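The residues making up each chain are set out below.
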Amino acid sequence: MNDRIRTDIAHNARVWNYWLGGKDNYPVDRAVGDQVTGFYPSIGEVARADRAFLGRAVTHLAADAGVRQFLDIGTGLPTADNTHEVAQRVAPDARIVYVDNDPIVLTHARALLTSAPRGVTEYVDADAHDPEEILAAAGATLDLSRPVAVMMLGILNFVLDTDEARSIVRTLMGAVPSGSYLVLTHPTLEPELGGEGNEAAMAFWNENATPPITARSRAEFASFLDGLDVLEPGIVSCARWCPASAATGATVAQFGAVGRKP
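Residues numbered from 1 in each chain as written. Predicted model: local features only at pLDDT ≥ 70, side-chain atom pairs only at ≥ 80, totals over all residues. Heavy atoms only, no water.

### Topic: the overall build of the chain
A tally of regular secondary structure across the chain gives nine helices and 10 strands. The C-alpha radius of gyration of the chain comes to 17 Å, within 12% of the 18 Å expected for a compact globule of 262 residues. Seen through its principal axes, the chain has C-alpha atoms that stretch 45 × 45 × 35 Å. Burial status across the chain gives 53% buried among its 262 residues. Of the contacts made within the chain by residues no fewer than 6 positions apart, 72% connect residues no fewer than 24 positions apart. Accessible surface, the chain as shown: approximately 10800 Å² in total, 51% of it carbon and sulfur. (Helix = DSSP H or I, 4+ residues; strand = E, 2+ residues; numbered from the N terminus. Rg over C-alpha atoms; globule rule 2.2 N^0.38 Å. Buried < 20%, exposed > 50% of the residue type's maximum accessible area, 1.4 Å probe, protein only. Contact = heavy atoms within 4.5 Å. Areas by Shrake-Rupley, 256 points an atom, 1.4 Å probe, with all protein chains shown as cover.)

Right, here's the structure in full:
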């Protein structure tokens, strides 16, 4: 077992895996996951809605926008319909780079490194706090002079300082050309999405699990998309994001949006 993996404290990648019905978790993860669900009963719906959003966004970008390169930062543990599976279902020549610095995810990375014969899938062990390192490593697989979809689903909430989170996004999007996309999800406490229950759940999480997490307002979330053209339907609950018509999922307290670099 990787000596960086701790089984005595709950960890986000494993708890998220538990909420999605996966098997790559430990008793401590299930215990904390159940406690968080007690505070915020819809958290499992959030996890599933986030995963479904990924599928719709990647399908749209590959099928309708012609994107053939995806940089997925904060990969998490492999589950059904990972980014490369969705993208290569539409475009078998799509190239995907996954990025995570989680030792748990690293041990499962080989499950992400399957690819359609005409495409490429790679995994980079790097920290979201170091976008320059990510770009340098991703450049070995992706052509950063051509459009890239930068995927940051449920990852900026682990960058506690909002200015730093904005800087990370600016660095990443500054390195990719016009026609690239930013795909984001992020938890919120805003009551319009039913986020009030998130506050106690997040406080419990930060006392009992790792890494610490923060929620952000609509305005803070929107600031990550500054300078980008936000695709319809705009900034909405990730369960409601669908480029063609209204998604039918119940609203969850997780913003979702896709922005295009002009």
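On we go.
### Regarding the packing of aromatic side chains
This model, assessed by the stated rule, comprises four aromatic pairs. With a centroid separation of 6.1 Å and 70° between ring planes, the pair formed by tryptophan 16 and tryptophan 19 is classed as edge-to-face. Here tryptophan 16 and its partner tryptophan 19 are both found in helix H1 (residues 12-19), three residues apart, which amounts to about one turn of the helix. Taking relative accessible area as the criterion, tryptophan 19 reaches 11% and is therefore assigned buried. (Phe/Tyr/Trp six-rings, centres within 6.5 Å; stacked < 30°, edge-to-face > 60°.)

### Observations regarding the pattern of salt bridges
The tally for this structure, following the rule as stated, stands at five salt bridges. Where aspartate 29 meets arginine 14, a salt bridge forms, and the shortest distance between an N and an O atom there is 2.5 Å. Taken together, the residues aspartate 29 in helix H2 (residues 27-39) and arginine 14 in helix H1 connect sequence positions 15 residues apart. Given the relative accessible area of 1%, arginine 14 is considered buried. (Salt bridge = Lys/Arg side-chain N within 4 Å of Asp/Glu carboxyl O.)

### With respect to the state of the cysteines
Here the structure, examined in full by the defined rule, presents zero disulfides. Free of any disulfide, cysteine 238 has its nearest cysteine sulfur in cysteine 242, 12 Å distant. (Disulfide = S-S within 2.5 Å.)

### Some details on the layout of surface pockets
Approximately 170 Å³ is the volume attributed to the second largest pocket. What lines the second largest pocket is Arg166, Val169, Arg170, Met173, Ser223, Phe224, Asp226, Leu228 and Lys261. In terms of residue count, helix H7 (residues 162-174) provides more of the lining of the second largest pocket than any other element does, four residues in total. Each residue belonging to the lining of the second largest pocket can be placed in one class, and the counts come to four nonpolar, one polar and four charged. (1 Å grid on protein atoms, 1.4 Å probe; cavity = no way out; pocket = protein on both sides within 12 Å on 5 of 7 lines; lining within 4 Å. Points joined across faces, edges and corners; volume = space filled by probe spheres on them. Nonpolar A, V, L, I, M, F, W, Y, C, P; charged D, E, K, R; others polar.)

### Considerations on helix H4 (residues 83-90)
Counting along an α-helix, one turn takes 3.6 residues, and residues three or four places apart therefore face a common direction. Taken together, the buried positions of H4 are occupied by Thr83, His84, Val86, Ala87 and Gln88. Tucked into the core, H4 has its buried residues touching helix H3 (43-63), strand E2 (69-73), strand E3 (95-100), strand E4 (120-125) and strand E5 (149-153).

### Overview of the environment of alanine 31
Following the sequence through the fold, alanine 31 ends up in helix H2. Alanine 31 gets classed as partly exposed once you look at its relative accessible area, which sits at 43%. For the pair alanine 31 and isoleucine 9, spaced 22 residues apart in the sequence, the C-alpha separation amounts to 10 Å.

### Side note on unusual backbone geometry
Threonine 210 connects to proline 211 through a cis peptide bond whose omega is -10°. Along the polypeptide, proline 211 turns up in the loop between strand E7 (209-210) and helix H9 (218-223). Each neighbour pair has its own omega, and for glutamate 232 with proline 233 the value is 10°, a cis peptide bond. Note on placement: proline 233 falls in the loop between strand E8 (229-230) and strand E9 (236-237).

### Description of the packing of H3 against H4
Two measures define how a pair of helices packs: the angle their axes make with one another and the distance between the axes. At a closest axis distance of 9 Å, the pairing of H3 and H4 adopts a crossing angle of 35°. With respect to the hand of their crossing, H3 and H4 are arranged in right-handed fashion. Along its contact with H3, which presents Leu54, Gly55, Val58, Thr59, Ala62 and Ala63, the element H4 presents Thr83, Val86, Ala87 and Val90. In the contact of H3 with H4, the residues fall into seven nonpolar, three polar and no charged. (Axes fitted to C-alpha atoms, helices over the stretch in contact; angles between N-to-C directions. Left-handed = near helix turned anticlockwise from the far one by under 90°.)

### With respect to the environment of leucine 172
Its place among the elements puts leucine 172 in helix H7. Sequence-wise, leucine 172 and leucine 135 are 37 residues apart; in three dimensions their C-alpha atoms are separated by 7.2 Å. Look past the residues within four positions of leucine 172 in its chain and what remains in contact with it is Ile73, Pro131, Ile134, Leu135, Val150 and Met152.

### What about the side chain of threonine 75?
If you trace the backbone, threonine 75 turns up in the loop between E2 and H4. A distance of 3.3 Å separates the side chain of threonine 75 from the backbone oxygen of aspartate 72, its partner in a polar contact. When sequence neighbours within four positions are dropped, the list of residues in contact with threonine 75 reads Tyr98, Val99, Asp100 and Leu112. (Polar contact = N/O pair within 3.5 Å; in protein donor to acceptor, adjacent residues only side chain to side chain.)

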